[in-house]
2 protein chains.
Amino acid sequence: MLKVNPHYEKLPGSYLFAEIARRVKEYGQEHPDAQLIRLGIGDVTRPLAPAVVEAMEKAAREMGRAETFRGYGPDYGYDFLIQAILDNDYQGLGIQADEVFVSDGAKCDVANVQELFSDDAVVAVTDPVYPVYVDSNAMAGRAGSYAQDRWDRLCYLPCTAENGFVPPLPDRPVDVIYLCYPNNPTGTVLTKEQLKPFVDYAKANGAIIVYDAAYKAFITSGAPRSIYEVEGAKDVAIECCSYSKTAGFTGTRCGFMVIPHGVKGIGGQGQPVELNAMWKRRMGSKFNGVSYPIQRAAEAVYSKDGWAQCMENIRYYLRNAQVIREGLEKAGYTVFGGVDAPYIWMKTPEGMGSWDFFDLLLNRYHVVGTPGAGFGPCGEGYLRLTAFNTLEKTQEAVERIVHG
Amino acid sequence: MLKVNPHYEKLPGSYLFAEIARRVKEYGQEHPDAQLIRLGIGDVTRPLAPAVVEAMEKAAREMGRAETFRGYGPDYGYDFLIQAILDNDYQGLGIQADEVFVSDGAKCDVANVQELFSDDAVVAVTDPVYPVYVDSNAMAGRAGSYAQDRWDRLCYLPCTAENGFVPPLPDRPVDVIYLCYPNNPTGTVLTKEQLKPFVDYAKANGAIIVYDAAYKAFITSGAPRSIYEVEGAKDVAIECCSYSKTAGFTGTRCGFMVIPHGVKGIGGQGQPVELNAMWKRRMGSKFNGVSYPIQRAAEAVYSKDGWAQCMENIRYYLRNAQVIREGLEKAGYTVFGGVDAPYIWMKTPEGMGSWDFFDLLLNRYHVVGTPGAGFGPCGEGYLRLTAFNTLEKTQEAVERIVHG
């Protein structure tokens, strides 16, 4: 009899966004005239840049002619895209071509990278946290058992207003630390100086850092756009990036992961093992590369026109973030993020629970946010608002919350 | 200290195609004037169908306009594609929409599906075999240790000329059986009657079948195009399909997996667990759907024009297969496959080893094949030739082998 993976049973039931969708749908059915404004899910709304569309169309046509048709591409990505990544994302940081792996998105990468770790590796995550880091490790049995909103084998690093959203170092030995900056859900960043202790901790303890930089295009403050700006990070950090938010690729699907040769774990004989070599093996055995037209589209993000067009969209979203942040602040709310990220992390008023505040915003103002508690216990008492709606709707949502 | 996944160390070097490339390169350097003809790797060469290119271009343009832009798609695939799959691939077979999962290719699906099984599940594979089934299970520790071309926890089902390439049922209890028909590498098929014992075995033993139907578009003989044509299969079989060979999508990347609700394993409390529900959870947590323009391209495969154009390519490849098969047969060689598949499985003459015969074809005729031994011990004494080159080159390759 086939026994199934026993760890799936331990996963808590409903996924955050499914529960939100359920409540919103129910409210909509009971109040069909309500004009809901969605500042909940982190999906982009601006169309792809013209230069990107043009590149995709051109590549599609290439696929239709025998002379320019392309079959299986390289498992790790086409050279033209990897070179563009090196020239634009990693100039001066000393990353090599065979340290970059093109994928169909950062979600897959951050979910799959844990396959390289032993089952008993100890994992640290921030709290609140993007659920994929936790769920992918839980599915592999690495998170232990779930009770009272906590997995008993994970090490949680609380990030709250009290510590300025700067996670403390792990208080016990861990093997892997997941960090996401600009942060989802809090919208906050860490400076180079604040990241350095994590790199030092990893070096001192033989741990590695999985650094999710999916939102780096939103940075305006001078915070590092890559963990590799921090000295020593190339020996301990894997970095995940995505075109989803940089270039509106949430429905187009492309990203990449960087695994420098210096990042090593320990093999069965105690010998150092490059995670880069393991990931090559994993990609070669389980993946067949990203669609050629999509890789050409990603390459076009870096063209002069493409970049200008993408950054115009980023500025549009950042203006929305500013509207939310300043509007709510003026009205006396306490808010974080929104300067280097499309996310605003709003403190609920008067210590209200985050699901209660979610319901209040939905019922009274017809504005949909995301309850902070959905991202972990330390998200309780917060609500996430996103900057991905139109300027007009964003303005109206803030107006409703502020003036009722 | 981060310990790495210990099972990666057990993997033998993936030498097959690398070793072929090395020998071909070396020969080419020593004989720069040799006109090599490659009948080795299984990649398509005909361009995408015009209807497919048109659909991809149109969808790319949609992504460039605010009114028609699409962000995150459904994790399991767009309804329009799932409906096209139901109408075309599964008409009359009773498969439901929520049993179909669109992916970026069958390789990822067959590699990832093992995540649903417990670590101690016993896995059966045919010999010879497509390496992904083996490697993905080996990486999870389910294959045991590797020695003398065998993994000690896998159950091998030998397929040779002696048993007509019909695998025997497992001789000990197994939980999962991987089957691929039309078969890579042998090019042979099983009839419904030959598949039925596997379905019955699975039912009787609480096992499941992972059925790889990536080459089904090549079937001309009346062999089943889906395992679900076999009575009872919906209770025990998962089916993986791909547009790679059907529509030349090897560089475009789209496929799908079918997991009927009836397919169940056993949970921790001995209760039945639907693999469908587990896969939904897996896809929701680790995947973000397939690129919208690519899903539109896949949908266009099923359009009247698209289908006609794709089938013209299939006929082209099948004609090549016929050229190889008949040419070699006339010359006295023993060959299999090539009727329902783009692969011809050629018996080496006079019991020659498959690498020796590979070298002979390369050195004497400048034709590149794939040594059967690379697919498993029972592939020793065979060579795989593929039908994916041009008709002209295929004819010339056969001419060279037959007349020297």
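Preceding this paragraph is the structure being described.
This paragraph deals with the overall build of chain A. Helix and strand content of chain A: 12 helices and 17 strands. A globule of 404 residues ought to have a C-alpha radius of gyration of about 22 Å, and chain A, at 21 Å, matches this closely. In terms of overall dimensions, chain A has C-alpha extents of about 60 × 55 × 55 Å along its principal axes. Counting across all 404 residues of chain A, residues that qualify as buried make up 63%.

Let us look at the environment of serine 136 of chain A. For serine 136 of chain A, the position within the fold is in helix α5 (residues 131–139). The spacing of serine 136 of chain A and asparagine 112 of chain A is 24 residues in sequence and 7.4 Å in space, taken between C-alpha atoms. Filtering out sequence-adjacent residues up to four positions away, serine 136 of chain A remains in contact with Val110, Ala111 and Gln114 of chain A together with Lys286 of chain B. From its side chain, serine 136 of chain A meets the backbone oxygen of tyrosine 133 of chain A in a polar contact 3.3 Å long.

Residue and element names in this part refer to chain B. Taken as a whole and assessed by the stated rule, the structure comprises 35 salt bridges over all chains. A salt bridge links glutamate 115 to arginine 282, with the nearest nitrogen and oxygen atoms 3.1 Å apart. Taken together, the residues span a long stretch of sequence, with glutamate 115 in the loop between α4 (106–112) and β3 (123–127) and arginine 282 in helix α8 (residues 275–286) at a distance of 167 residues. Taken as a pair, glutamate 115 and arginine 282 share a single burial class, namely buried. When the shortest N-O distance is used, the salt bridge between aspartate 200 and lysine 196 registers 2.8 Å. Highlighted residues: aspartate 200 and lysine 196, both in helix α6 (residues 192–205), separated by 4 residues, approximately one helical turn. What makes lysine 196 partly exposed here is its relative accessible area of 28%.

Let us look at the sheet that holds strand β8 (residues 208–212) of chain A. Pairing between sheet strands relies on hydrogen bonds along the backbone, with the strands arranged either parallel or antiparallel. Residues and elements named next belong to chain A. Spatial strand order, β2-β10-β9-β8-β7-β3-β6: 7 strands in an open sheet with mixed pairing. The sheet is open, and its two borders are formed by β2 (100–103) and β6 (155–158), each paired with just one other strand. If you compare each strand with its neighbour and ignore which way they point, the axes differ by 20° on average. Pairing of strand β3 (residues 123–127) with strand β7 (residues 176–180) involves 3 bridges; the strand directions are parallel.

A separate point is the relation of the copies chain B and chain A. Once chain B is rotated about the relating axis by 179° and shifted along it by 0.1 Å, it coincides with chain A to within an RMSD of 0.3 Å. Both copies of the chain, as the preceding transformation shows, are related through a two-fold rotation axis. Closest approach to the rotation axis within chain B is made by the C-alpha atom of glutamate 57 of chain B, at a distance of 2.5 Å.

A few words now on the interface of chain B and chain A. Between chain B and chain A, the residue contacts involve 83 residues of the former and 81 residues of the latter. Buried area between chain B and chain A, both sides added, is near 6600 Å², and the carbon and sulfur share of it is 57%. Between chain B and chain A we count 6 salt bridges in total. As a salt-bridge pair, aspartate 120 of chain A and lysine 3 of chain B come within 3.0 Å of each other at their nearest N and O atoms. Linking chain B with chain A are 42 residue pairs in polar contact (both at pLDDT 80 or more), by the criterion used here. For the side of chain B that touches chain A, the secondary structure elements donating two or more residues are α2 (50–63), α4, α5 (131–139), β11 (264–266), α8 and α9 (292–301) of chain B. The element contributing the most residues to the side of chain B that touches chain A is α8 of chain B, with 8 residues. Here the residues of the side of chain B that touches chain A are counted per class, giving 36 nonpolar, 26 polar and 21 charged.

Moving on: the packing of helix α1 (residues 16–30) of chain A against helix α11 (residues 354–365) of chain A. All names here are of chain A. The interhelical angle for the contact between α1 and α11, taken along N-to-C directions, is 35°, at an axis separation of 11 Å. Every pair of crossing elements has a handedness; the one defined by α1 and α11 is right-handed. Together, Leu16, Glu19, Ile20, Arg23, Val24 and Tyr27 of α1 and Trp355, Phe358, Asp359, Leu362 and Asn363 of α11 make up the contact between the two elements. Partitioning the contact of α1 with α11 into residue classes produces 7 nonpolar, 1 polar and 3 charged.

A word on the nonpolar core. In this structure, Tyr243 and Leu275 of chain A together with Tyr243 and Leu275 of chain B are the most contacted members of the largest nonpolar core, which totals 301 residues. In terms of residue count, helix α10 (residues 304–330) of chain A provides more of this core than any other element does, 10 residues in total. Excluding residues that lie within four positions of it along the chain, tyrosine 243 of chain A makes contacts with Leu81, Ile85, Gly248, Phe249, Cys254, Gly255, Phe256, Ala298, Val301 and Tyr302 of chain A.

Here we take up the environment of glutamine 96 of chain B. Residues and elements named next belong to chain B. Here glutamine 96 lies in the loop between α3 (79–89) and β2 (100–103). Placed 10 residues apart in sequence, glutamine 96 and leucine 86 show a C-alpha to C-alpha distance of 7.4 Å. Discounting chain neighbours no more than four positions away, the residues touching glutamine 96 are Leu86 and His261.

Taken as a whole, this structure holds 5 cavities of 30 Å³ or more when the rule is applied. Of the voids in this model, the largest cavity is the one considered here, and its volume is about 170 Å³. In terms of lining, the largest cavity is formed by 19 residues, of which the most central are Cys108 and Asn112 of chain A together with Asp104, Cys108 and Asn112 of chain B. Only α4 (106–112) and α8 (275–286) of chain A together with α4 and α8 of chain B provide two or more residues apiece to the lining of the largest cavity. No other element matches α8 of chain B, which puts 4 residues into the lining of the largest cavity. Along the lines of polarity and charge, the residues of the lining of the largest cavity split into 7 nonpolar, 4 polar and 8 charged. There is about 110 Å³ of room inside the second largest cavity. Looking at the second largest cavity, it is lined by 15 residues, and the ones nearest its centre are Asp104 and Arg253 of chain A together with Asp104, Val290 and Ser291 of chain B. Counted by class, the lining of the second largest cavity contains 5 nonpolar, 6 polar and 4 charged residues.

Rules of the game
- Residues numbered from 1 in each chain as written.
- Chains lettered and ligands numbered in written order.
- Predicted model: local features only at pLDDT ≥ 70, side-chain atom pairs only at ≥ 80, totals over all residues.
- Heavy atoms only, no water.
- Helix = DSSP H or I, 4+ residues; strand = E, 2+ residues; numbered from the N terminus.
- Rg over C-alpha atoms; globule rule 2.2 N^0.38 Å.
- Buried < 20%, exposed > 50% of the residue type's maximum accessible area, 1.4 Å probe, protein only.
- Contact = heavy atoms within 4.5 Å.
- Polar contact = N/O pair within 3.5 Å; in protein donor to acceptor, adjacent residues only side chain to side chain.
- Salt bridge = Lys/Arg side-chain N within 4 Å of Asp/Glu carboxyl O.
- Pairing = 2+ DSSP bridges.
- Axes fitted to C-alpha atoms, helices over the stretch in contact; angles between N-to-C directions.
- Least-squares fit on C-alpha atoms with pLDDT ≥ 70 in both.
- Buried area = accessible area lost by both parts, 1.4 Å probe.
- Nonpolar A, V, L, I, M, F, W, Y, C, P; charged D, E, K, R; others polar.
- Left-handed = near helix turned anticlockwise from the far one by under 90°.
- Core = buried A, V, L, I, M, F, W, Y, C linked by side-chain atoms within 4.5 Å.
- 1 Å grid on protein atoms, 1.4 Å probe; cavity = no way out; pocket = protein on both sides within 12 Å on 5 of 7 lines; lining within 4 Å.
- Points joined across faces, edges and corners; volume = space filled by probe spheres on them.

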